[in-house]
Amino acid sequence: MIAASMKLEDFYVCEEFGFMLPDPLCTLPDYFGQWNYLAENLTSLILQKRIREEVDKMPVLDHNKLKDYRQLRLAHLQLSMISSGYIWQDGDKGVPKVLPECLAVPWYKVSEKIGIKPVVCHPDIVLCNWTLLDPQKNLRCLYAFPGGMDTNWFCMVTARMEFDFAPAAKYIIDAIKAADTEDTKALIQNLISIRQVILQMKETLKNMHELVSAEIFYDTLRPFLSGWGGEGSPYPEGLIYEGISEEPIQMSGGSAAQSSTLQCLDAAFGVQHETSIQKFLLKMRDHMPNAHKKFIETISEKSNIRTYVVKSDDESLKQCFNQVLEAMIDFRSYHLQVVTKYVVVMSNRQTRNQEYESLSKKGTGGTSLLPFLKSIRQSTTEKLVGQGN
Ligand code: HEM
């Protein structure tokens, strides 16, 4: 495929919704009533520590009765949330090592169909977990983990940032086409638009402080976004998915590192990270729907934006390109502050929630946070053009 023939709809992306699932379903057909019920009542069942007994009564429902993509996405969201509640309801000391068949089999099979992993992920809790509250495009979650309004806001601020990004998917394709056809004027225009999008994403991220308490994020919500497996995990070997595998399976938890937004920008502008970090970010792509993963890969393969800018004599083009990267660097610096407040400071409190001790200090995706995020910011800086680049 040449850049000129790239169409957003081929990648389940559109200018209005970006990577968000347009018009997500709120409930599944009656046959899946038990999933609807457990997902709708998840918070109270977790708080009453009753989710396990409810799941243990449930039959294995036939995932083949899910008819279309929107049903599959909602089923994944519901099964992720119910499974996460099942696993983490009693803290990290009471974790079951086996996920029962009634969750494991449909969750695994639905994941295969969408192309994502059977674990709670960004495409669940953000991309298809939203509904409009009013014509001003205020959003609310369809399904929620414990944490009340703060949890709702955490997901919806992130969703709002996905909406902010939406027009950039088209600007990126147009910028690639402009570089291909050596149309400097069009390239500058698209770079300016992309920069505006990144600045707006940062503005939206600022709302996190106003609306989400760090204590509630860290103590109440974060454990339910965790994965399983690896050093320090209550399940070092992972979790057994009954009816799927007798061997435990390891999974990274939900993280906005699974958002396609920043990975798309990196791909468009040729930002490459240090090997182990790139490996982690590639792993995060396995938590993105197939079509979105393909979108990033295609952008990465097709984009010659930076090559064109480097060889151009046009100073205003170079300046515009650098301003986009500077906006990304600034976004990443701001995100570092957010992570420091919501994870690092919270994990150092004497009063932190000790029920989930094994999950402290690492990112929900399983990284050692600050050096990891600083390295990502540094590799963005290295792609600025000028001074010999
Ligand atoms: C309270 C809010 C947030 C916290 C505590 C947080 C935390 C983290 C952590 C710990 C990581 C490291 C990867 C991991 O181990 O999971 C990460 C990475 C990342 N986060 Fe966030 N995050 C927050 C909000 C957001 C939002 C709203 C976005 C919007 C898209 C975002 C985008 C990213 C991206 C793209 C990465 C990968 C690193 C990069 O490309 O710069 N984060 N985040």
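Residues numbered from 1 in each chain as written. Predicted model: local features only at pLDDT ≥ 70, side-chain atom pairs only at ≥ 80, totals over all residues. Heavy atoms only, no water.

**Things to note about the environment of N353**
Cut-off, in case you're wondering: The helix count covers DSSP runs of H or I at least four residues long, the strand count covers runs of E at least two residues long, and both are numbered beginning at the N terminus.
Tracing the chain through its elements places N353 in the loop between α14 (315-347) and α15 (369-381). Taking the C-alpha atoms as reference points, N353 and L47, 306 residues apart in sequence, are found 15 Å from one another.

**Examining the pattern of salt bridges**
As a reminder of what qualifies: Counted as salt bridges are all cases of a side-chain nitrogen of Lys or Arg within 4 Å of a carboxyl oxygen of Asp or Glu. Accessibility here uses a 1.4 Å probe with only protein chains present; expressed as a share of the type maximum, an area under 20% marks a residue as buried, one over 50% as exposed, and anything in between as partly exposed.
A complete count under the given rule lists twelve salt bridges for this structure. Across the pair R50 and E53 runs a salt bridge whose closest N-O atoms are separated by 4.0 Å. You can call R50 partly exposed: its relative accessible area is 28%. Using a relative accessible area of 45% as the deciding quantity, one classes E53 as partly exposed. Between K170 and D174 there is a salt bridge whose closest N-O contact spans 2.9 Å. Placement of the pair is K170 and D174 together in helix α7 (residues 148-180), with a separation of four residues, close to one helical turn. Salt bridges sharing partners connect three or more residues here, namely R50, E53, E54 and K57.

**Quick notes on the coordination of the iron atom of the ligand**
Defined as follows: Here the coordinating atoms are restricted to nitrogen, oxygen and sulfur within 2.8 Å of the metal centre, or 3.2 Å for Na, K and Ca, and because water is not among them the sites may look incomplete.
The sole protein-derived ligand of the iron atom of the ligand is H335 (NE2), positioned 2.1 Å away. By the secondary structure assignment, H335 is in helix α14.

**Let's talk about the UniProt feature "binding site: heme b" (unreviewed entry) in the chain**
Let me state the cut-off plainly: UniProt positions are given in the numbering used here, feature names are shortened, and annotations may be inferred rather than shown by experiment. It only takes one pair of heavy atoms within 4.5 Å for two residues to be counted as in contact.
Look at the UniProt record and you will see "binding site: heme b" (unreviewed entry) annotated at H335. Filtering out sequence-adjacent residues up to four positions away, H335 remains in contact with L205 and L373.

**Notes on unusual backbone geometry**
We note that D23 has phi near 50 degrees; this positive angle belongs to a residue other than glycine. Relative to the elements of secondary structure, D23 occurs in the segment before α1 (33-40). Using a relative accessible area of 53% as the deciding quantity, one classes D23 as exposed. With phi around 55 degrees, K49 is a residue other than glycine that occupies positive phi space.

**Brief notes about the environment of G91**
Checked against the element boundaries, G91 lands in the loop between α4 (69-88) and β1 (98-99). In this structure G91 comes out as buried when scored by relative accessible area, which is 1%. C-alpha separation for the pair G91 and P223, spaced 132 residues apart in sequence, amounts to 8.2 Å. Not counting residues within four places of it along the chain, the set of residues in contact with G91 comprises E355 and Y356.

**Remarks on the side chain of T380**
Structurally, T380 can be placed in helix α15. The class of T380 is buried, set by a relative accessible area of 0%. For T380, the contacting residues outside a window of four places in its chain are V271, H273, L325, M328, I329 and R332.

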